[in-house]
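Residues per chain, in single letters:
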Amino acid sequence: VANIVVFVELHEGRPLPVSLEVLGQARRLSSKLGATLYAAVLMRQAPDAESDALIAALARGGADKVLLLHDEASSPEGASLVWSTAGPAIAHIEDHLAPILFLFGATRGAREVAARAAAHNGSAFLDSASLELGEGGLTLWEGSGARARRLDADLEFPVVATVARGRYDPAACDDDAEVEVVKVAAGAEVEEIGWEAGGAPSQISCPSALMAVASPAAEALGATLDGSQPPDAPVLISLAAELRVALGAHAEGADADLAVVGDASALLAALAQAIGARA
Amino acid sequence: VTPRVFALVDGPGDLDVVRHAVALGDTTVVTAAEGPLAEAVLADALALGARAAVRVWDEVLARADFLGVAQALAATVRQHMGEPSPAAPAPTETAAPGATATPTAAVIVIAGDRGRAAVGPAVAERLSLPHLGQVMRISLRDGRVVVRRRAGGIVHLFAARPPILLCTVGSPTDAPPAPAASAPAAIQSLTLADVGLSATELSHRRRFRPQPGAAPEARPRVVPSIETLVARLDDEGLLRPKGAR
């Protein structure tokens, strides 16, 4: 039986929404293809009673099996994945489950590990993939729309892919799934030795009139604002690129997959308020 | 130990990779790109201070996927890892016959973190090196590579002993000035056979490379309210208080 695996990232003990969206589409693909769907989670702590809620959420999200990979050396929950700590778990998945499809939500962490996962087992790699079932079976693309690139293969070889936020809907299944727990051990090749706020972030162009309200939001995103741009500078699009969302009138034709109807100042004010409430 | 640095470049957009590399030490620039553009990029890299430039090429690479290209780059780096640094003094006449300079163990490979950001990690996999992406700054401290990489509003500091592969974003803030003009080093052109590969080994990777072909349009999903969007971003862990981990 073929295996499809979704690598699930957590935030505050819960699966990221994008992970559940990928899991949902993987559920639909698995049902059609007759594959077994695994939700794989890398955990720093050994599973305990509190893991039951996570397992139930992943089962409701469509997983046939939940694979809890326990590694004390893995990155703290919420920290972005890096290969030195997540790599052994990912290699374990590929070496033991040999998934025909190995899917990640398109997060910063996935950007760090997904391509290497593809290289590890010689897979094809698709960034921001579209995974569609039709009469002819499964078709895989990188991207969407007219600029997409199609992978002409009928899963004759394994494929590793990331999937953008908002691309698919989560599934709604019952909360029944088998659970496997595996202990893995990362090496200590790369050591995190500290952190600092700010740094040299990327730059967001912004009309000067929006600087005051945009600054807190941009800071939280690790970006600076460039007020030197002309007044029509596309702060909406710039922020959208950072957040991987599309906004209002700019949603049409955008690569990103979320949209909000509203203007920049409303969005930034809400973000600033949300961030300020946490500071 | 003076690090031996390799910069992997694919086009003009990777010259910042060279700037990161030459700030660390003797740099060999490697590309698996085609034609005059590749030659121009390597020439620019030499002008930025790289000591040597190597181009490996075969027509099969034009159709290969990320991993085919990574295999060619990795084989080229591997072949040059054990060679003396291009900046090392030539063996003297008194050296024992057949003696060569001692290879440095401190190899740092630097690639760009642009676009799909797939080739760099794949080269690391082929060379069995640890790798880190989204690297903004690189420094050397007590024989270790210390890097700064940004995730959200936080800069994380990582340290590792070489060898390591780093995928960089942006320009280094402390890049050395371009060296005074001097006779440029020659660009070394290699075939796949020169680095121990064959076109046959890589030709199957063309099947793994996606080809242009329209896909269904991803319809933007409308979030009904600002509050919903903020909640969603919060659930994704994208909203963090300033200064928090």
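Everything here concerns the structure above.
Residues numbered from 1 in each chain as written. Chains lettered and ligands numbered in written order. Predicted model: local features only at pLDDT ≥ 70, side-chain atom pairs only at ≥ 80, totals over all residues. Heavy atoms only, no water.

> Go over the overall build of chain B with me, naming the residues and quoting the values.
Helix and strand content of chain B: six helices and eleven strands. Counting over 245 residues, chain B shows a buried share of 52%. Look at the contacts in chain B between residues 6 or more apart in sequence, and 68% of them connect residues 24 or more apart. (Helix = DSSP H or I, 4+ residues; strand = E, 2+ residues; numbered from the N terminus. Buried < 20%, exposed > 50% of the residue type's maximum accessible area, 1.4 Å probe, protein only. Contact = heavy atoms within 4.5 Å.)

> Mind laying out helix α2 (residues 35-47) of chain B, listing which residues take part and the relevant values?
Within an α-helix, residues lying three or four positions from one another point in the same direction, as the helix has 3.6 residues per turn. Residue and element names in this part refer to chain B. The terminal C-alpha atoms of α2 lie 19 Å apart, and with 13 residues this matches the ideal 18 Å at 1.5 Å per residue to within 8%. Along α2, the residues classified as buried are G35, A38, V41, L42, A45 and L46. Seen end-on, α2 carries its buried residues on one side only, within an arc spanning 140 degrees. Opposite its buried face, α2 presents the exposed residues P36 and L37, each directed more than 90 degrees away. Of the residues trailing α2, G49 is marked for its positive phi of about 120 degrees. (Expected span 1.5 Å × (residues − 1). Arc of directions from axis to C-beta.)

> Provide a residue-level description of the packing of helix α3 (residues 83-97) of chain A against helix α4 (residues 108-121) of chain A, including the pertinent values.
Residues and elements named next belong to chain A. It is the contact of α3 with α4, at a shortest axis distance of 10 Å, that shows an interaxial angle of 40 degrees. By the angle between their axes, α3 is oblique relative to α4. Along this stretch, α3 crosses α4, giving a crossing that reads as right-handed. Contacts from W83, A86, I90, A91, E94 and D95 of α3 reach α4 at E112, V113, R116, A117, A118, H120 and N121. (Axes fitted to C-alpha atoms, helices over the stretch in contact; angles between N-to-C directions. Parallel < 35°, antiparallel > 145°, perpendicular 65-115°, else oblique. Left-handed = near helix turned anticlockwise from the far one by under 90°.)

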